[in-house]
Amino acid sequence: MKTNVNLEISRLIEYGIQTALIAPEDRAYAANRLLALLGAGDFSPVPEAQAPRCPAGPLERLCAWAVEQGRLEDNQDARDQFDTELMACLTPRPSEVAARFQALYQESPQAATDYYYGLSRATNYIRVDRVEKDRLWTAPTPYGDLVVTINLSKPEKDPKAIAAAKNAPKSGYPACALCRENEGYLGSANQAARGNHRLIPLELCGERWFLQYSPYVYYNEHCIVLSEAHRPMKVSRESFQRLLEFVTLLPHYFLGSNADLPIVGGSILTHDHFQGGRYEFPMAKAPLREELAFPGFEDVRAGIVHWPMSVIRLRAGDKARLVELADRILTAWRGYSDAGADILAFTGDTPHNTITPIARRRGEDFELDLVLRNNRTTEEHPLGLFHPHSEYHHIKKENIGLIEVMGLAILPPRLLTETQLLAQALGEPQKAEEILSRPEMEKHRPWYQELKAKAIPAGEEERAIQESIGEIFGKILGNAGVYKDHEAGRAAFRRFCASL
């Protein structure tokens, strides 16, 4: 069908008014900005145009029209860049967004974040239509229900886009995907389009930081808090102070930091940042396995969390006391070795020990989880001793970062098709060999045999696979835990705590 440009522009404008991105007085201005981008001449408003539930439909059709007219390359990156610029025509200026946030903050912190999160969805910065395609489920384990998601909202680059990114000149602006200079940025082959991106300025411990949401929300109100300065990640005493300051400002959010070393860190180590949101992860629900007492810190409740990774939990009403104890634990852990537990702090001058910290509020109290990490590699485990082991790489090979530490597995899109094929092989044994002979399924053969031995009832294959993935994810977290959950591991964990 031929795209009715007048209708799609009219629908977008109605959408902008309905979501309060623009006012009725902005109709002509918004239409003209959209026409300028499209390179279209005349415009006749369609009075009966209805606002869509989300802008994806009109945007997709306007991109298709631009491709037909030869104004746009026909690939996903080009379309994403173009539809982002179209939405930028309806997006308030950064100063307006920040002022609105601050005004609502005077009412309540939650009112402010409700507005900002709603804006991020309304502007299509968070692509709601894609996020809704993600698969999410829970699976029981000895540590409670873990959460698993197959993320489908981030489109995979096609070969042409990958080649374009490789050959594109590196401008160095913005310096990385997190820099505040991304706000309003057109985008390039190497950098995502951010014309509809808005940041909220914050002050954390006398320093300028910014709040934004992740465009690929892995959980409710998944936010990123980034430093104004482009500097490397570093977990430090100041990190604990900033985390606790943030949950003072926004007490309904948690905030945590990825570790600051490769293998056990996040995907971006070049820009100091945190991740948080309005969500209670499985680890936050986990009880203490045993209590700890640190001399001189009798006012701080402490313990080891019942979790497959190695977590010390601290809780107190006084932030300064938490920071002081957390800093002592971090300093001690940086230099701590226990060869009997396979923990070496250094190989030559290369450091291995660090911490993944997470802060949250518990009523008037502050709670700080300190997850002990070590990024040492060995001949047997070249990708990391405390990293998903090779027998689980058919499910996940990537690093275990902050989000997964807390019990939410982010699995690659390939698993959706592969698990569907696996379910078919289990349900139709006569086709199993044909299915498992496919190149992408060979790696799942041992898993298939394991599931087949369970004699899964007909029709229950998909759920059995989901529960098995949850069980495997629990074992992966155990791989990443520096102290294993057996008697020798628990004794070694106690030795470190006693050493403090």
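Residues numbered from 1 in each chain as written. Predicted model: local features only at pLDDT ≥ 70, side-chain atom pairs only at ≥ 80, totals over all residues. Heavy atoms only, no water.

Draft legend 1. Here's a closer look at the packing of aromatic side chains. Taken as a whole, this structure holds 15 aromatic pairs when the rule is applied. Residues tyrosine 336 and phenylalanine 496 carry aromatic rings whose centres are separated by 4.9 Å and whose planes lie at 70° to one another, so their mutual orientation is edge-to-face. Here phenylalanine 496 lies in helix 17 (residues 487-499) and tyrosine 336 lies in the loop between helix 11 (319-334) and strand 11 (346-347), a separation of 160 residues in the sequence. You can call tyrosine 336 buried: its relative accessible area is 14%. When its relative accessible area of 0% is taken as the criterion, phenylalanine 496 is described as buried. Chaining the aromatic ring pairs together yields one cluster made of Trp333, Tyr336, Tyr483, Phe493 and Phe496. The lysine or arginine in question, arginine 100, covers the ring of tyrosine 115, its NZ or CZ lying 5.9 Å from the ring centre. The ring of phenylalanine 366 has arginine 361 sitting right over it, with the charged end atom 4.2 Å from the ring centre. (Phe/Tyr/Trp six-rings, centres within 6.5 Å; stacked < 30°, edge-to-face > 60°. Helix = DSSP H or I, 4+ residues; strand = E, 2+ residues; numbered from the N terminus. Buried < 20%, exposed > 50% of the residue type's maximum accessible area, 1.4 Å probe, protein only. Lys NZ or Arg CZ within 6 Å of the ring centre and 35° of its normal.)

Draft legend 2. Just the pattern of salt bridges, in detail. Under the definition given, this model contains 46 salt bridges. Among the salt bridges present, the one from glutamate 183 reaches arginine 180, with a minimum N-O distance of 3.2 Å. Relative accessible area serves as the criterion here: at 18%, glutamate 183 is assigned to the buried category. A residue is classified by how much of its surface remains accessible, and arginine 180, at 23% relative accessible area, is partly exposed. The shortest N-O distance in the salt bridge between aspartate 272 and arginine 231 comes to 3.3 Å. Separated by 41 residues along the polypeptide, aspartate 272 in the loop between strand 6 (254-256) and strand 7 (273-277) and arginine 231 in the loop between strand 5 (223-227) and helix 9 (237-249) bring together distant segments of the chain. The class of aspartate 272 is buried, set by a relative accessible area of 4%. Among the residues examined, arginine 231 registers a relative accessible area of 23% and is labelled partly exposed. (Salt bridge = Lys/Arg side-chain N within 4 Å of Asp/Glu carboxyl O.)

As far as function goes, none of this settles anything; it's purely spatial.
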